[in-house]
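Secondary and tertiary structure notes
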Amino acid sequence: MTSEIELTFLRAALDEARKCIPTPTAFCVGCVITAALPGQSPVILATGFSRELEGNTHAEANALTKLSQMSSDEISSLMSAPSPLSIDQLALDVYTTMEPCSVRTSGLSPCCDALISAKITRCLIGVAEPDDFVTCEGAQKLVDAGIKVIWLKGEEDECLRVARTGHSTV
């Protein structure tokens, strides 16, 4: 069952997805990366959306890029931690409006590979990637790498509607 806090972070990812410049050849996806210290509520550390950064970038890769550029002092401040924290000390959760890609037609590295490299703990997904462009196996690749994948319930239709913004309806 999807919790209210999980829906809150998924809706924040949807807000990110709505920032995308639509294109008929790609999805509009949003991503939020959170972490929590023991006994504390999770906080958003980084966000991203498709094509936000230069280079035909995807939401998850953009959020990870922004997170990797944060100093330990910035992370500690967001986490209300008494001493400096590095990304490596945190269990990271990734909320994404659509299943992380496992194939890129552009030849760039797939998002699921970036999430695996970042050693995220959990990936919470709003909707599976439809076969509009490629067959996606991102969730399975994450599971195979030991990452817990959670399919969130309640916003599937909205995630897919936003993802397909700018696509022709036949």
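Our structure's up above, just so we're on the same page.
A few points on the structure.

Quick notes on the rules
Residues numbered from 1 in each chain as written. Predicted model: local features only at pLDDT ≥ 70, side-chain atom pairs only at ≥ 80, totals over all residues. Heavy atoms only, no water. Buried < 20%, exposed > 50% of the residue type's maximum accessible area, 1.4 Å probe, protein only. Helix = DSSP H or I, 4+ residues; strand = E, 2+ residues; numbered from the N terminus. Arc of directions from axis to C-beta. Contact = heavy atoms within 4.5 Å. Core = buried A, V, L, I, M, F, W, Y, C linked by side-chain atoms within 4.5 Å. Polar contact = N/O pair within 3.5 Å; in protein donor to acceptor, adjacent residues only side chain to side chain.

Our focus in this paragraph is helix α6 (residues 156-163). Because each turn of an α-helix spans 3.6 residues, side chains separated by three or four positions in sequence point in the same direction. Buried within α6 we find Cys159, Val162 and Ala163. Looking down the long axis of α6, one finds its buried residues gathered within 100 degrees of arc, a one-sided arrangement. Exposed and facing more than 90 degrees away from the buried side of α6 are Asp157 and Arg161. Residues of α6 that are buried sit in contact with α1 (4-17).

Before going further, it helps to spend a moment on the environment of Ala12. Looking at where Ala12 falls in the secondary structure, it is placed in helix α1. The exposure class of Ala12 is buried, given its relative accessible area of 18%. For the pair Ala12 and Cys31, spaced 19 residues apart in sequence, the C-alpha separation works out to 8.0 Å. In this structure Ala12 touches Val32 and Ile44, once residues within four positions along its chain are discounted.

Glancing now at the nonpolar core. Of all hydrophobic cores here, the largest spans 45 residues; its most connected members are Ile33, Met79, Leu90, Leu92 and Cys123. Considering every element that reaches this core, the biggest residue donor is α1, with six residues. Discounting chain neighbours no more than four positions away, the residues touching Ile33 are Val43, Ile44, Leu45, Ala46, Ala63, Leu64, Leu67, Leu92, Asp93 and Val94.

Inspection of the secondary structure assignment puts Thr96 in strand β3 (residues 93-96). By relative accessible area, which is 0% here, Thr96 ends up buried. In this structure the side chain of Thr96 is engaged in a polar contact, spanning 3.0 Å, whose partner is the backbone oxygen of Met98. Contacts of Thr96, omitting those with residues within four sequence positions, involve Leu10, Val29, Gly30, Cys31, Glu60, Cys123, Leu124, Ile125 and Gly126.

Listed in full, the buried residues belonging to helix α3 (residues 72-79) are Ile75, Ser76 and Met79. For α3, the arc enclosing every buried residue in end-on projection is 100 degrees, short of the 170-degree limit, so these residues lie on one face. Residues Asp73 and Ser77 are exposed on α3 and point more than 90 degrees away from its buried face. Downstream of α3 by one or two residues, Ser80 has phi in the positive range, about 55 degrees.

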